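# Architecture and fold: a report
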Amino acid sequence: MEVLLVVRGLSNPFSIPFQSLEHMEEKNYDVLVVGTGAGGGAVLWRLCEKWRKNRKSIGVIESGDLLLPTHIYNIPGLRKKWKKYYNEVSNPIGQHLPQFLGAEQVFAVGGRTLFWGAVTPRMHASEFINWPISEQEIDTYYQIAEDIMQIHQASSINSLHLQAILQHLHSKGFHEASPIPSATSHGKTFSSLCFLKNAWEQHPFDFAVKARALQLLMENGKPVGLKVGDHNKKIHVLRAKTIVLAAGSLETPRLLLHSKIPGNTIGHFLTNHSFIKAKGEFISKKVGNISENIRILIPQTDETPYQFQIYINKRLINAVGFGKVESLFDNNLTLDPLSVDEYGIPKIKINFSYSVKDMEIIRQMNEALHQVFNYLGARVVHEKGKAQIHVMEPGEDYHESGTCRIGNDPSQSATNRYGQIHGITGLYVADNSILSSIGASNPTLTTVALAIRIADHISNSYSKERTK
Ligand SMILES: Cc1cc2nc3c(=O)[nH]c(=O)nc-3n(C[C@H](O)[C@H](O)[C@H](O)COP(=O)(O)OP(=O)(O)OC[C@H]3O[C@@H](n4cnc5c(N)ncnc54)[C@H](O)[C@@H]3O)c2cc1C
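What counts, and at which threshold
Residues numbered from 1 in each chain as written. Predicted model: local features only at pLDDT ≥ 70, side-chain atom pairs only at ≥ 80, totals over all residues. Heavy atoms only, no water. UniProt positions renumbered as here; feature names shortened; annotations may be inferred. Helix = DSSP H or I, 4+ residues; strand = E, 2+ residues; numbered from the N terminus. Rg over C-alpha atoms; globule rule 2.2 N^0.38 Å. Buried < 20%, exposed > 50% of the residue type's maximum accessible area, 1.4 Å probe, protein only. Contact = heavy atoms within 4.5 Å. Areas by Shrake-Rupley, 256 points an atom, 1.4 Å probe, with all protein chains shown as cover. 1 Å grid on protein atoms, 1.4 Å probe; cavity = no way out; pocket = protein on both sides within 12 Å on 5 of 7 lines; lining within 4 Å. Points joined across faces, edges and corners; volume = space filled by probe spheres on them. Nonpolar A, V, L, I, M, F, W, Y, C, P; charged D, E, K, R; others polar. Near = heavy atom within 4 Å. Polar contact = N/O pair within 3.5 Å; in protein donor to acceptor, adjacent residues only side chain to side chain. Axes fitted to C-alpha atoms, helices over the stretch in contact; angles between N-to-C directions. Parallel < 35°, antiparallel > 145°, perpendicular 65-115°, else oblique. Left-handed = near helix turned anticlockwise from the far one by under 90°. Pairing = 2+ DSSP bridges.

The name an unreviewed UniProt entry gives the protein is Glucose-methanol-choline oxidoreductase, with Sporosarcina globispora as the organism. Its UniProt record gives the protein the following Sequence similarities (unreviewed entry) comment, quoted word for word: "Belongs to the GMC oxidoreductase family." Its UniProt record gives the protein the following Cofactor (unreviewed entry) comment, quoted word for word: "FAD".

Structure representation (structure tokens):
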């Protein structure tokens, strides 16, 4: 048996055994979770917490292998080289998707949380107006998510430089500028591996890696299991009463569409953030003595449908802006019958374009970022071959969402308010694809909050069944 090492603080290693698919084929799991990124990790952790005193069986399959034992920033020597390493290991799926050129996937234990920036704001209140869940209801789950992910402010609030810059931005009308909220675990950058560790400590589960979910198996309109491919392309059948798909916003709908799960909106309402980047430097030489890293968030407001993250170190400023993108039915993902993968499963095609409204937000965001630089007394630095503030390709934000969005109306959503595929008991989605909309905020905290809520719903459903 192989052993997975999950390292929390680097001095505190922890192991979870991997199971073979042959072993897992002998069981009928109460819950089978597919994928170990942000959503899969969160749903697993919460189920294990809820079921720590009972014998419910949980299986987890992950298509990738153990790539890193912790978030890349926690590994001495790799922090600065993270982008190079990321490029080597990620799958540049966007190269085959002309309208979503920037998309990349990571198939690994921990998914994309091995590389994420851990920026974790809540979604702006206005987003919840059209959600099937109220802001008050999700608040409870935000609190649980923020607690387990130890969200704190990334820059020291006592820094005089930070205070001065914040005051200045507030006086110029950016009233909500604040230090960036960031997810940690014992002072290190958080990854979904922390969810796996916390889950295992409460309730053991069977865990197979290099195990790729290929197709859902249905009987009488209910899921009964999954076809899973191993690294030798051998097909296994795993059985489960409840299946939670958390394979990401591109893979989860692909699996559902290939399995012919009914639902006219599966794969539709693909949403992301329009994404701009700029580098700058302070004009005044006096500012050169800012020695600490300052990280500021200028969040979305009622009037400004975009968010800025500003990173200041010495005289240099790096800024990124995320703009709200409309959730539109016609921005969608479908199967491409002409192109199949090594298992014979159709690859995906994507139809995606920014609407007139999205383009106007990109224009406003560009203008506002110039203003921020001006107010800070900084100038934008021209980068070789690139416009001063450049607009990134669709997909390059890595925030793609919405392809199985939650909602009350099946003609407008793939899943109900608990992430269950409309009309199919026992089949859930718990990754970025369930987000109804994402406004201008980084999506992962909200996905984790929803995944925790889905786990609570599953565990409550089992309790109700027992008391019948
Ligand atoms: C460089 C970078 C920086 C980012 N920074 C931030 C940030 O600061 N803040 C933020 O909120 N978000 C950020 N993100 C985005 C964030 O990582 C995602 O929002 C989040 O990881 C999505 O979670 P998920 O569960 O939907 O998918 P993922 O984390 O991608 O997990 C999907 C999992 O499913 C597995 N899988 C896929 N297909 C199958 C299959 N068929 N069978 C079995 N397993 C499968 C994958 O291997 C993976 O483990 C960043 C992303 C990147 C790449």
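Now, onward.
Another point: the overall build of the protein. A tally of helices and strands in the protein yields nine helices and 22 strands. Radius of gyration (C-alpha) of the protein: 22 Å, near the 23 Å computed for a compact globule of 468 residues. Each principal axis of the C-alpha distribution contributes one length, and for the protein these read about 70 × 50 × 45 Å. Each of the 468 residues in the protein was classed as buried or not, and the buried ones make up 57%. Sequence separation of 24 or more characterises 73% of the internal contacts of the protein that already satisfy a separation of 6 or more. Surface exposure of the protein reaches about 19,900 Å², of which carbon and sulfur atoms provide 50%.

Attention now moves to empty space enclosed by the protein. Using the criterion set out here, one finds one cavity of 30 Å³ or more in the structure. As a volume, the largest cavity reaches approximately 60 Å³. Lining the largest cavity are R212, A213, L214, E251, R254, L255, H258 and I345. Elements with a contribution of two residues or more to the lining of the largest cavity: β11 (212–219) and α7 (251–258). Broken down by element, the lining of the largest cavity gets its largest block of residues, four residues, from α7. Taken together, the residues that form the lining of the largest cavity break down as four nonpolar, one polar and three charged.

The full set close to the ligand counts 35 residues, and E62, G117, V119, N432 and T444 are the nearest of them. For the ligand, an oxygen atom lies 3.4 Å from a polar atom in the backbone of A246. Coverage of the ligand by the protein amounts to 96% of the 990 Å² it exposes when considered alone. Of all the secondary structure elements, the ones that give two or more residues to the shell around the ligand are α2 (38–50), α3 (82–89) and β11. By residue class, the composition of the shell around the ligand is 17 nonpolar, 13 polar and five charged.

We now examine the packing of α2 against helix α6 (residues 192–202). Packing of α2 against α6 brings their axes to within 8 Å, and their N-to-C directions diverge by 20°. Taken together, the axes of α2 and α6 are roughly parallel relative to one another. Helix-helix and strand crossings are classified by hand; for α2 and α6 the assignment is left-handed. Mapping the contact onto sequence places A38, G41, A42, L44, W45, C48 and E49 in α2 and S192, F195, L196, N198, A199 and Q202 in α6.

The buried count for strand β3 (residues 28–34) comes to six of seven residues, which makes it a mostly enclosed element. Bridging between β3 and strand β13 (residues 235–245) involves six bridges; their strand directions are parallel. Paired with V34 across the strands is L245, a residue of β13. Where β3 meets strand β4 (residues 58–61), four bridges bridge the pair, whose relative direction is parallel. The residue of β4 that forms the bridge with V31 is I58.

How two helices sit against one another is set out by the angle between their axes and by the gap between those axes. Their axes nearest at 8 Å, the elements α2 and helix α9 (residues 444–467) cross at an angle of 35°. Here α2 and α9 pass one another in a crossing that is right-handed. Judged by residue contacts, A38, G39, A42, V43, W45, R46, L47 and K50 of α2 engage T444, T447, V448, A451, I452, I454, A455, D456, I458 and S459 from α9. Grouping the amino acids of the contact of α2 with α9 by side-chain chemistry returns eleven nonpolar, four polar and three charged.

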